[in-house]
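Examination of the molecular architecture
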Amino acid sequence: MGPPSSSWRSASTFQGLRCWFTDVPSAVRGKPSWLLASCRGCVPAERCIPRTCGSEDQILCLVLGPWRYQLEDESAHLDEMPLMMSEEGFENEEGDYHTLPRARLTRRRGGLEWFVCGGWKFLCSSCCDWLINICQRKKELKARTVWLGCPEKCEEKHPRNSIKNQKYNVFTFIPGVLYEQFKFFLNLYFLVVSCSQFVPALKIGYLYTYWAPLGFVLAVTVVREAIDEFRRFQRDKDVNSQLYSKLTVRGKVQVKSSDIQVGDLIIVEKNQRIPSDMVFLRTSEKAGSCFIRTDQLDGETDWKLKVAVSCTQRLPALGDLFSISAYVYAQKPQLDIHSFEGTFTRVGLLDLELNQLTKALFLALVALSVVMVTLQGFVGPWYRNLFRFLLLFSYIIPISLRVNLDMGKAAYGWMMMKDENIPGTVVRTSTIPEELGRLVYLLTDKTGTLTQNEMVFKRLHLGTVSYGTDTMDEIQSHLMNSYSQVHSQAAGNTPGSAPLRRAPSSAPKIRKSVSSRIHEAVKALALCHNVTPVYESRAGVTGETEFAEADQDFSDENRTYQASSPDEVALVQWTESVGLTLVSRDLTSMQLRTPGGQILTFCVLQMFPFTSESKRMGVIVRDESTAEITFYMKGADTAMAAIVQYNDWLEEECGNMAREGLRTLVVARRALTEEQYQDFESRYSQAKLSVHDRTLKVAAVVESLEREMELLCLTGVEDQLQADVRPTLEMLRNAGIKIWMLTGDKLETATCIAKSSHLVSRTQDIHVFRPVTSRGEAHLELNALRRKHDCALVISGDSLEVCLKYYQHELVELACQCPAVVCCRCSPTQKAHVVKLLQQHTGRRTCAVGDGGNDVSMIQAADCGIGIEGKEGRQASLAADFSITQFRHIGRLLVVHGRNSYKRSAALGQFVMHRGLIISTMQAVFSSVFYFASVPLYQGFLMVGYATVYTMFPVFSLVLDQDVKPEMAMLYPELYKDLTKGRALSFKTFLIWVLISIYQGAILMYGALVLFESEFVHVVAISFTALILTELLMVALTVRTWHWLMVVAELLSLGCYVASLAFLNEYFGKSLPESLLAMWHLMFFIVTS
């Protein structure tokens, strides 16, 4: 369900998720506080996680509707003429961006040429789309009224709240599988050939000679697809069977997520995924607050604070919800920019290349048949002879090619899943393992993929002294001494005396001691944040006593912190580690515990939250013990540099920390008198009540406080990387793979991670693409980027959108020249768009890696998708082609298994084609010798056995071959570069195998006819024996690394053939053993071939 229209207003927008707020009384009786609306860019499972601050950790939600998929077409064509990336265009003055070079012109095909060159495909697809639109008209979206706890009152029927990743159903399985097989030219050709054997005039052999191989190929395919479909069904069943508590008049009942209906009241437990669009009605925390995590929508694993509907939160008991007769009126959903894009099937590049080679073989087949009929002189019914020759030479196109490749791919997948070096790997798409060996671009998410999203405090800099992880004990000692002095001074005051008020003094500044500066810095970090301490319920406490606090454990071991950013939690956890602990917080106050155990209470007077525009947050607090009023602020160095007092170290130290990959925050404060604060509060209140330009006026009032603030410290926080991320990225870079990072995080964070992970090396410059909003600004920035050399590009999603609108080709061309690219603030749709642009403009193979629901569209748009099972759920893992548990496994998956899969598939495919070409060459020689007669050389079981029991096992054993050992492939990843050029399977290698096949076929047939002229009656058996032995020897000569199964396959095939000599007298004759006395003749032309 998309966001409602007119009467709703957007309060805040996140990447991939929008939270919609309303205060319209008619929307929900009792003035609802917020409505969580989903985006269509996610799969309907594992979307948001709630966490509450109360004792029972539950929230009550009203179901508005199921999560839906929406397939959307690309936007309309650009109406702007593109700016060409030419030297002339960029040598112009920067201001002259209105002058555009002439656009490239392409000749438009027409008539028969257009129809032959692809027009027929366009016509067919247009007709299919028209029929689909007729049969499946989109349902008109209407406004809906949802009654609390009364699904039966819904005016319209809504779809089930379930997900379905299956490709087929019971009725479409067989037709769908057959279509997927016969859309390839290879199988379609053999279907026509097999059907031709029902015509008596065209029949040249037994029916099983053609139908048995075709039936075997289809049977293997159907079984494989059935297994994959059953696995998808099981995965969907597991997700749809997740249990939730449904509140009814009779109490709680357990329901499956797929059985949740619009209007149900669902109780969502702590750390449980929200299963559908819901209104937040009630929580077990008495203030009605709850933390929501939206990792499956926007990839952000931080907790966002939300507040329940006020009237439902105030009800005494849950059962009272059924007595208030409340309803939600939601206007009709409207389209959202975040649309889900799925792919029906995947076909690897190797399959497409083999399909092209198959068409080339078909042309050779037709040409050979025409030549044979021409040499006949077109006598008699030449067209019938032409078709018979097409049937005789049909083995040029090997029907077993598809089944061998499919079985080989299944074997590659099994090897990947059994590799002990990459445990937990799952191959979900068994049709494209060789794609892992041809990747040029790797597009990866940041949070949860490259990083663990666990922040660790690393550095505190006070200007003259810096503290790292190994000197934190000094900070703890200074802090303890400082608070000891404060407590001793406080003890000297009389108990009944009034709190000491300290006003800002105009006296000359005295240099503070290190202990005093540390004390002020740590206290600022402990107060300036949006963190809330949460205490877990005691074990064994059950029941439904709401808002009870007696069952909570307030010990340090039972306390956890929740905030809207993991950076905030890291800072508060660090202050706790050095002795100053946040023990309690609500909307109006905070309590800190000092190293000596004393509780300090601070009243929260004002809170200024962090925004992407201001890049800072602040808080005004009053110390209850001293009545001091202090304004604390922290933020990015770019925003704070102009706010704090003059200093000569901030810029330099920020640069040093940034080079280490640390996320920096500048902390400052300003002491206020009571009069100053009252004046500010008055002006602030007036600004908030302003009707016009409210935002600007509020910002102006706040900025009046942000002057000459005292710089306290600079902090450095590190987002911990996944294990072995740096060596893995270095390995991939050495393998010739270009790595792009696409993240929804902010620019500064993405840049830090790019540096700390060594995605951008220390010696490389970083070009930060400035924000652009118009075509002219985009032109100037592209000019600036083009002048840079060997620098990484960092660009935001908004600027990316503008550049793609006007200069799509130029931006992609420049970005591809950069050693690394970082796209920040990217929506799921933008991630998928970037993948498609790389595919269209470069023609190279792409791989997308992610771990969250916001990565699904990118994963499915790429040629190869890899999902990581992590903290953000299994959504990306289920949607990907390959699933791994850690990012470092990608290195071995690509350079070892990708290499082996591609090399083996290429060798297997070419050898299977060689097997068909050599027997077709022998048939051509045989027909030429006997006056171009269309008579088959081998009939019946010989043709079936040739491609199965006699040669299948040795040829298929090539899936065990390896040209490079895994250890060498990991040690020298540069070997991977050669794979991306496609040299293992190309027209050059194909022609080489064609020439080898023609030479061997001619030698074998002519050798049998010449050397065994006296035993001409056995020429079929002799030539067939030579053919089988040649194939077995060719496999042995092709193998690079022997496996014991290869030896078994060779001996098994040879044994089957020797055994058949004794039983198949119909083909070999009873006197065949006597003719084999001339074995040296046979061995001579076998060795010659």
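Residues numbered from 1 in each chain as written. Predicted model: local features only at pLDDT ≥ 70, side-chain atom pairs only at ≥ 80, totals over all residues. Heavy atoms only, no water.

What follows is about the overall build of the protein. The helix and strand tally for the protein stands at 35 helices and 33 strands. Out of the 1089 residues in the protein, the part that is buried amounts to 54%. Taking the intrachain contacts of the protein between residues at least 6 apart in sequence as the baseline, contacts between residues at least 24 apart amount to 75%. Roughly 49300 Å² of accessible area belongs to the protein as shown, and the carbon and sulfur atoms make up 58% of that amount. (Helix = DSSP H or I, 4+ residues; strand = E, 2+ residues; numbered from the N terminus. Buried < 20%, exposed > 50% of the residue type's maximum accessible area, 1.4 Å probe, protein only. Contact = heavy atoms within 4.5 Å. Areas by Shrake-Rupley, 256 points an atom, 1.4 Å probe, with all protein chains shown as cover.)

So, on to the UniProt feature "binding site: Mg(2+)" (unreviewed entry) in the protein. UniProt's feature table lists "binding site: Mg(2+)" (unreviewed entry) at Asp 445, Thr 447, Asp 851 and Asp 855, given in the numbering used throughout. A maximum C-alpha distance of 10.7 Å among these annotated residues, which run over 411 residues, shows that they cluster at one spot. Considering the arrangement of structural elements, one finds Thr 447 in the loop between strand 15 (439–444) and strand 16 (451–461). Overall, the relative accessible area of 8% leaves Thr 447 in the buried class. As for its placement among the helices and strands, Asp 851 is situated in the loop between strand 31 (845–850) and helix 24 (856–861). Judged by its relative accessible area of 0%, Asp 851 falls in the buried class. (UniProt positions renumbered as here; feature names shortened; annotations may be inferred.)

A few words now on the environment of Arg 899. With respect to the helices and strands, the residue Arg 899 is situated in helix 26 (residues 889–929). Linking Arg 899 and Gln 962, residues 63 residues apart in sequence, is a C-alpha distance of 8.9 Å. Leave out the neighbours within four places in its chain, and Arg 899 touches Gly 437, Leu 894, Asp 963, Val 964, Leu 975, Tyr 976 and Leu 979.

Spatially, 17-16-26-25-24-23-22-21-20 is the arrangement adopted by the nine strands of the open sheet, whose pairing is antiparallel. Edge positions in the sheet fall to strand 17 (466–467) and strand 20 (581–585), since each has one partner strand and no second. Examined bridge by bridge, strand 16 and strand 26 (residues 710–721) share seven bridges and lie antiparallel to one another. If you follow Leu 460 over to strand 26, its bridge partner there is Thr 715. (Pairing = 2+ DSSP bridges.)

Along the chain, Arg 874 falls in the loop between strand 32 (864–868) and helix 25 (875–879). Measuring from C-alpha to C-alpha, the distance between Arg 874 and Val 239 comes to 9.9 Å, with 635 residues separating the pair along the chain.

A few words now on the pairing of strand 26. In terms of burial, strand 26 is a largely internal element, 10 of the 12 residues being buried. Here seven bridges tie strand 25 (residues 663–672) to strand 26, and the two strands are oriented antiparallel to one another. By the bridge assignment, Val 667 is partnered in strand 26 with Cys 713.

Attention now moves to the packing of aromatic side chains. In this description, a pair of aromatic rings is defined by centroid distance and the angle of the planes. This structure, assessed with the given rule, holds 20 aromatic pairs. The interplanar angle of 90° and the centroid separation of 5.7 Å between the aromatic rings of Phe 608 and Tyr 684 together place this pair among those described as edge-to-face. Of this pair, Phe 608 sits in strand 22 (residues 599–608) while Tyr 684 is found in helix 16 (residues 674–688), placing the two residues 76 residues apart along the sequence. Like Tyr 684, Phe 608 is buried. Their ring planes at 70° and their centres at 5.9 Å tell us that Tyr 950 and Phe 1024 sit as a pair that is edge-to-face. One end of the pair, Tyr 950, is in the loop between helix 27 (941–947) and helix 28 (952–956); the other, Phe 1024, is in helix 31 (residues 1019–1038), with 74 residues separating them in the sequence. The rings of Phe 608, Phe 631, Tyr 677, Phe 680 and Tyr 684 are connected pair by pair, giving a single aromatic cluster. (Phe/Tyr/Trp six-rings, centres within 6.5 Å; stacked < 30°, edge-to-face > 60°.)

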